[in-house]
Amino acid sequence: MGVTFFHGVEDANDPLFVMAFSGWNDAAESATAAARYLIQHFQGKRVAQIQPDDFFQFADQRPTVKLGESGERQITWPLNEFFYCQTPGLARDLIIGIGTEPHLKWKHFSRDVLAIGSRYDARMIVTLGALLAGDLHTQPSRLMAIATDSSLVEPSGVEITRYEGPTGIIGVIHTLMQDEGFPAISLWANVPHYIASISNPKATCALLEKLSILGDFDISLDDFDLAINQFDGQVERIIARDPRIAKYVEDIQKGQIPDEVPGVDFEDAFEGEPEDEEGKLPPGAEVADEIERLLRRKPNGPESD
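Values in this document were obtained by computation on a predicted structure and should not be read as measured data.

About the thresholds
Think of each chain on its own: its residues are numbered from 1, step by step along the sequence as written. Only residues with pLDDT of at least 70 get local features here, since the model is predicted, and only at 80 or more are side-chain atom pairs given and counted; chain-wide, interface and lining totals rely on the full set of residues. Processing note: side-chain calculations cover all non-hydrogen atoms of the structure and skip hydrogens and water entirely. Segments assigned H or I by DSSP are reported as helices when at least four residues long, segments assigned E as strands when at least two residues long, and all are numbered from the N terminus. Categorising residues by exposure relies on relative accessible area from a 1.4 Å probe, with only protein chains included: less than 20% of the type maximum marks a residue as buried, more than 50% marks it as exposed, and the intermediate range marks it as partly exposed. We call two residues in contact when some of their heavy atoms are within 4.5 Å. Here the open area of atoms and residues is found with the Shrake-Rupley method and a 1.4 Å probe, where only the protein chains shown may cover a residue. Classification of ring pairs rests on two measures: the distance between centres of Phe, Tyr or Trp rings, Trp counted by its six-membered ring, which must be within 6.5 Å, and the angle between planes, read as stacked under 30 degrees, edge-to-face over 60 and tilted in between. Only when the NZ atom of a Lys or the CZ atom of an Arg is both within 6 Å of the ring centre and within 35 degrees of the ring normal do we say a charge sits over the ring. When DSSP finds two or more bridges between two strands, those strands count as paired. The nonpolar core is taken to be a set of buried Ala, Val, Leu, Ile, Met, Phe, Trp, Tyr and Cys residues, with the residues joined through side-chain atoms within 4.5 Å.

The helix and strand inventory of the protein chain stands at seven helices and 11 strands. Looking at the protein chain residue by residue over its 305 residues, the buried ones come to 49%. For the protein chain, contacts bridging at least 24 residues in sequence account for 77% of all contacts bridging at least 6. Summing over all exposed atoms, the protein chain offers an accessible surface of approximately 15,500 Å²; the carbon and sulfur share of this is 46%.

Each aromatic ring pair is described using two quantities: the centre-to-centre distance and the angle formed by the ring planes. By the definition in use, this model includes nine aromatic pairs. Considering the side-chain rings of phenylalanine 56 and phenylalanine 58, the 6.5 Å spacing of their centres and the 15° angle between planes classify their relative orientation as stacked. These aromatic residues form a ring-pair network of at least three members: Phe5, Tyr84 and Tyr120. Positioned above the aromatic ring of phenylalanine 6 is the side chain of arginine 46, whose terminal nitrogen or guanidinium carbon lies 4.1 Å from the ring centre. For arginine 119, the ring lying beneath its charged end belongs to phenylalanine 5, and the centroid distance is 4.1 Å.

Along the chain, histidine 174 turns up in helix H3 (residues 169-180). If we ignore the near neighbours within four places in the chain, the residues touching histidine 174 are Ile146, Ala147, Thr148, Ala184, Ile185 and Ser186.

With that out of the way, let us pick up the sheet that holds strand E9 (residues 143-147). Taking strand neighbours across the sheet as the criterion, the nine strands line up as E1-E3-E6-E7-E2-E8-E11-E9-E10 in an open arrangement whose pairing is mixed. In this open sheet, the two edge strands, each paired with only one partner strand, are strand E1 (3-5) and strand E10 (159-160). Pairing analysis gives five bridges linking strand E3 (residues 45-50) to strand E6 (residues 80-85), with the strands arranged antiparallel. What sits directly across from alanine 48, in E6, is phenylalanine 82.

Moving on, we come to the environment of leucine 214. Tracing the backbone shows leucine 214 in helix H4 (residues 201-215). Its relative accessible area of 9% is what places leucine 214 among the buried residues. Sequence spacing of leucine 214 and isoleucine 185 is 29 residues, and the spatial spacing of their C-alpha atoms is 8.8 Å. For leucine 214, the contacting residues outside a window of four places in its chain are Met124, Leu152, Val153, Ser156, Ile185 and Leu187.

As a further point, take the nonpolar core. Counting residues in hydrophobic clusters, the biggest one holds 44 residues, and the most contacted among them are Leu38, Leu94, Leu128, Leu187 and Phe217. Here this core takes seven residues from H4, the largest share from any one element. Ranked by size, the runner-up nonpolar core spans 29 residues in total, among them Met19, Phe21, Val47 and Ile170.

Attention now goes to the pairing of E3. In this structure, E1 lies alongside E3, joined through three bridges in antiparallel fashion. If you follow threonine 4 over to E3, its bridge partner there is glutamine 49.

Our focus in this paragraph is unusual backbone geometry. The backbone phi angle of aspartate 11 is positive, close to 55°, even though this residue is not glycine. Among the secondary structure elements, aspartate 11 is positioned in the loop between E1 and strand E2 (16-22). Assessed through its relative accessible area of 70%, aspartate 11 is described here as exposed. Phi angles above zero are rare outside glycine, and glutamine 43 is one such case at about 50°.

The following block contains the structure:
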């Protein structure tokens, strides 16, 4: 087993196990942003880590090197870390896992996840994800879920999806929990495909709101109000000053699937991503790239990194 445990936990209070992975399962970084927010908000303490050696092809997910204060070289490897949140303000404890979707041995990796949940007496696991969809940025973020028992999702009002098709590590973990009789929910946010590469606070907030209902704990999300307003305003300004983008979004709003935008050659930029169940998404690659390029641009300077 490739798990390193750093700390035990005393007086555990009905822990809820939450996980999010960057990569295929994480459109607009919505899921991992939610996990990071929980760790910071509830001052999570790192308690475990799944060692990367057996699960990553490092030629594809390369480690990075940096220099320390005295000039020594330090390697940072792809990580999957787990944090325990145990504060007086929580009605129950949280175990938060955040990391990178592994490349190899998904079954073994999923068993390591189950071992961590069992070690800290978790009673339920909720995996978070986000997928590309044909939704508009002006709409509230729609959520969907799968569950080992549909009654687990009922308090949130989130629709159960019957999606079939390609899956990621989240799907493999969820199936293992199902087979082991471990209560599990997989909660997904829909992200507008034309702004999918930019962090989306609306989708992150929606995930956290429903997660708190599913997990029966309280969390203040007031921090997101300003970020959402700024994000929406910035997208609106960009759309308003480019007629091609405005027409593209208008067509989607009317329920139309644009085949092309004048002056823009489309290509399928979303191959391999989960599709919205109502139909195949419009490609719109160059429109999406243009919106995202402008979103990254600083107000009075060059584009940000």
